[in-house]
Amino acid sequence: MTELHVREWHDDDLPTIGRLHAVSRHHAYADLVDPVALARVSPASQEAVWRARWAGLRDGAAQGRPYVSLLAEAGALPVGFAVAFVPATPDDRAGAELNALHVLPSHHGTGVAQALMRGVVDALGTWGVTRAHLLVLEGNARAEAFYRRAGWVLRGPAGTHDVGGAEVPVLRYELRLR
Ligand SMILES: CC(C)(COP(=O)(O)OP(=O)(O)OC[C@H]1O[C@@H](n2cnc3c(N)ncnc32)[C@H](O)[C@@H]1OP(=O)(O)O)[C@@H](O)C(=O)NCCC(=O)NCCS
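Residues numbered from 1 in each chain as written. Predicted model: local features only at pLDDT ≥ 70, side-chain atom pairs only at ≥ 80, totals over all residues. Heavy atoms only, no water.

A.B. asks: Explain the pairing of strand β4 (residues 96–103) to me, and be specific about the residues and the numbers.
C.D. replies: β4 sits mainly inside the fold: 7 of its 8 residues count as buried. For strand β3 (residues 77–85) and β4, the ladder comprises 6 bridges, and the chain directions are antiparallel. What sits directly across from Val83, in β4, is Ala100. A crossover links β4 with its parallel partner strand β5 (residues 131–137), the connecting element being helix α4 (residues 112–125), and its sense is right-handed. (Buried < 20%, exposed > 50% of the residue type's maximum accessible area, 1.4 Å probe, protein only. Helix = DSSP H or I, 4+ residues; strand = E, 2+ residues; numbered from the N terminus. Pairing = 2+ DSSP bridges. Right-handed = clockwise from strand over helix to strand, strands pointing away.)

Rendered as C-alpha cells:
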C-alpha cells in the first residue's frame, strides 16, 4: 500500500490546493449546489480563493492567531488537505474554526480524512482553545457522518455559504477539546 504522509503546506502548494478543492467540491456538491454556480468552481478559482486566505492566515499568525495548513500525500500524489485557525473575532462558543477538510473522491474511505483530522486536532490541542466549530453544507451526509464519528456535535442551521456565487444553507458542528 502507498505510504501516506501529512505535512504542512505553504504558498508554493497553492496550485495543488486549488485543484484538490475544485475536484472535491464538484464531487461532493453535485446534488447540493446549482450546476451553473458549481461550474464556476475551477482549480484556478479555488487557487485564487486560497491565495487570499493564505495571506489572511499569515497576517493572523503575525498577530498571534495560530493556524494549521495540512496536505496529505499518498506517495507523491496529493490526496487531501485541511485548514484550521483561530478567527479574528472568535465567538464565545468556539475558539477555533476547522475551515476546510477535503479528500479526493478516489481516496474516500481510506483513512486519509482521519489522518488529516488527527493532525488538525493535534494542532488545536496546542493552541489552548476549548472548542472548535465548522460549517458543512446541508445535505452533505457523508461529511456529517465523518464529523460525527470524529466527535463533532451538530448545533443547528448557521445561515448560508457562497459556492460559485450561490448561497447554500450550512449547518454548524462543534467539537469540545477539553
Ligand atoms: C468529508 C470527507 C473528508 C470524509 O472523508 P471520508 O474518507 O469520505 O470519510 P470516511 O469514509 O472515513 O467516513 C465517512 C462516513 O460517511 C459514511 N458514508 C459514506 N457514504 C455516505 C453517504 N452517501 N451518505 C451518508 N454517509 C455516508 C461512511 O460509512 C462513514 O461513516 P462511518 O464512519 O460511521 O462508517 C470526504 O468525504 C470529503 O472530502 N468529502 C468532500 C469534501 C467535503 O465535503 N468536506 C467537508 C466540507 S465541510
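A.B. asks: Mind laying out the layout of surface pockets, listing which residues take part and the relevant values?
C.D. replies: Of the voids in this model, the largest pocket is the one considered here, and its volume is about 970 Å³. Elements that contribute at least two residues to the lining of the largest pocket include exactly α1 (14–28), α3 (43–62), β4, α4, β5 and α5 (141–149). Taken together, the residues that form the lining of the largest pocket break down as 22 nonpolar, 14 polar and 5 charged. (1 Å grid on protein atoms, 1.4 Å probe; cavity = no way out; pocket = protein on both sides within 12 Å on 5 of 7 lines; lining within 4 Å. Points joined across faces, edges and corners; volume = space filled by probe spheres on them. Nonpolar A, V, L, I, M, F, W, Y, C, P; charged D, E, K, R; others polar.)

A.B. asks: Got a sec to walk through the pattern of salt bridges? Specific residues and values, please.
C.D. replies: As enumerated under the stated definition, the model contains 7 salt bridges in all. The residue Glu144 makes a salt bridge to Arg148 at a minimum N-O spacing of 3.8 Å. With a gap of 4 residues between them, Glu144 and Arg148 both fall in helix α5, about one helical turn apart. The buried category is assigned to Glu144, whose relative accessible area is 11%. Within this structure, Arg131, Arg155, Arg172 and Glu174 form a network of salt bridges that share partners. (Salt bridge = Lys/Arg side-chain N within 4 Å of Asp/Glu carboxyl O.)

A.B. asks: Hey, could you go over α4 for me, with residue numbers and the actual values?
C.D. replies: For an α-helix, 3.6 residues make a turn, and residues three or four places apart therefore share a direction. Taking 1.5 Å as the rise per residue, α4 with 14 residues should run 20 Å; its terminal C-alpha atoms sit 20 Å apart, in good agreement. Among all positions in α4, only Val112, Ala113, Ala115, Leu116, Met117, Val120, Ala123 and Leu124 are buried. Buried residues along α4 sit against β1 (4–8), β2 (67–74), β3, β4, β5 and α5. (Expected span 1.5 Å × (residues − 1). Contact = heavy atoms within 4.5 Å.)

A.B. asks: Let's hear about the environment of Gly80: which residues, and what values?
C.D. replies: By the secondary structure assignment, Gly80 is in strand β3. Classification of Gly80 by relative accessible area gives buried; the value is 0%. Sequence separation of Gly80 and His161 is 81 residues, and the distance between their C-alpha atoms is 21 Å. Discounting residues that sit within four places of it in the chain, Gly80 has contacts with Leu20, Leu70, Leu71, Ala72, His102, Val103 and Leu116.

No statement about biological role is implied by the geometric values presented.
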